[in-house]
Amino acid sequence: MTAPLVGIVMGSRSDWETLEGAAEALLALQVPHEVEVVSAHRTPDKLFAYAEAAEQRGLRVIIAGAGGAAHLPGMMAAKTLLPVLGVPVQSRALNGMDSLLSIVQMPAGIPVGTLAIGSAGAVNAALLAAAILAGDDPELRERLRQYRAQQSDRVLEHPDPRQSLA
């Protein structure tokens, strides 16, 4: 088995519904990854250990999804030099705006690449992670190119929205 290059972490098990799209996209692109619940508030020592060991373990990018106060991406970025891609999880209280603002408003010096709220953001985080990795991997770059071409083909094959896609 190939060592993971991307870590997908989330603040709680309930965030998996959002982050699952990231794992599926990485799987489709054949990017080795791992998935783990790492709560900034309930397991801060685990968060620190994960972030501090990530680079040494061979991870190259971390996708961190969190809802509500959404401290996970920022805390992860504070403890590693790896790129951290933040995915705001849609919350009930403020529909994910709280999560988005918590992730996107990082102070200067601790960057977190912030994606869209919810599942679209999770998929785009995976595609961005793949694009980062593809700079050193021509085979991955070609798989990413094919992925995008397939997206275009699906749109071109079904231009009339009234037609069934089945």
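Residues numbered from 1 in each chain as written. Predicted model: local features only at pLDDT ≥ 70, side-chain atom pairs only at ≥ 80, totals over all residues. Heavy atoms only, no water.

## As for the packing of aromatic side chains
- What the rule picks out here adds up to zero aromatic pairs.
- Against the face of Tyr50 rests Arg57, its NZ or CZ located 5.2 Å from the ring centre.
- Lying across the ring of Phe48, Lys79 places its NZ or CZ 4.6 Å from the centre. (Phe/Tyr/Trp six-rings, centres within 6.5 Å; stacked < 30°, edge-to-face > 60°. Lys NZ or Arg CZ within 6 Å of the ring centre and 35° of its normal.)

## Considerations on the sheet that holds strand β1 (residues 6–10)
- Pairing in this open sheet of five strands is parallel, and the strands run β2-β1-β3-β4-β5 from one edge to the other. Since the sheet does not close on itself, it has two edges, and those belong to β2 (33–37) and β5 (113–114), each with one partner.
- In this structure, β1 lies alongside β2, joined through five bridges in parallel fashion. Considered in β2, the bridge of Gly7 is made with Glu34.
- This element, helix α4 (residues 97–104), spans β3 (61–66), β4 (84–88) and β5 of the sheet and lies at about 160° to β4. (Pairing = 2+ DSSP bridges. Helix = DSSP H or I, 4+ residues; strand = E, 2+ residues; numbered from the N terminus. Contact = heavy atoms within 4.5 Å. Axes fitted to C-alpha atoms, helices over the stretch in contact; angles between N-to-C directions.)

## Observations regarding the pattern of salt bridges
- Scanning all chains against the criterion turns up six salt bridges.
- Where Arg57 meets Glu34, a salt bridge forms, and the shortest distance between an N and an O atom there is 2.6 Å. Here Arg57, found in the loop between α2 (44–54) and β3, pairs with Glu34, found in strand β2; they are 23 residues apart in sequence, far enough to count as distant.
- Between Asp160 and Arg162 there is a salt bridge; the shortest N-O distance is 2.9 Å. (Salt bridge = Lys/Arg side-chain N within 4 Å of Asp/Glu carboxyl O.)

## Here we look at helix α1 (residues 16–28)
- In this model, α1 (13 residues) spans 18 Å end to end at C-alpha, consistent with the 18 Å of a helix rising 1.5 Å per residue.
- Close packing links the buried residues of α1 with β1, β2, β3, β4 and α5 (119–134).
- One or two steps after α1, the chain reaches Gln30, where phi turns positive at roughly 60°. (Expected span 1.5 Å × (residues − 1).)

## What to know about a nonpolar patch on the surface
- Together, Leu94, Met97, Leu101 and Val104 line one region of the surface with nonpolar side chains, adding up to about 360 Å² of accessible area.
- Its place among the elements puts Val104 in helix α4.
- Val104 sits in the partly exposed class, given a relative accessible area of 39%. (Patch = residues over 30% accessible without salt bridge, like charges linked within 9 Å, V, L, I, M, F, W, Y side chains within 5 Å. Areas by Shrake-Rupley, 256 points an atom, 1.4 Å probe, with all protein chains shown as cover. Buried < 20%, exposed > 50% of the residue type's maximum accessible area, 1.4 Å probe, protein only.)

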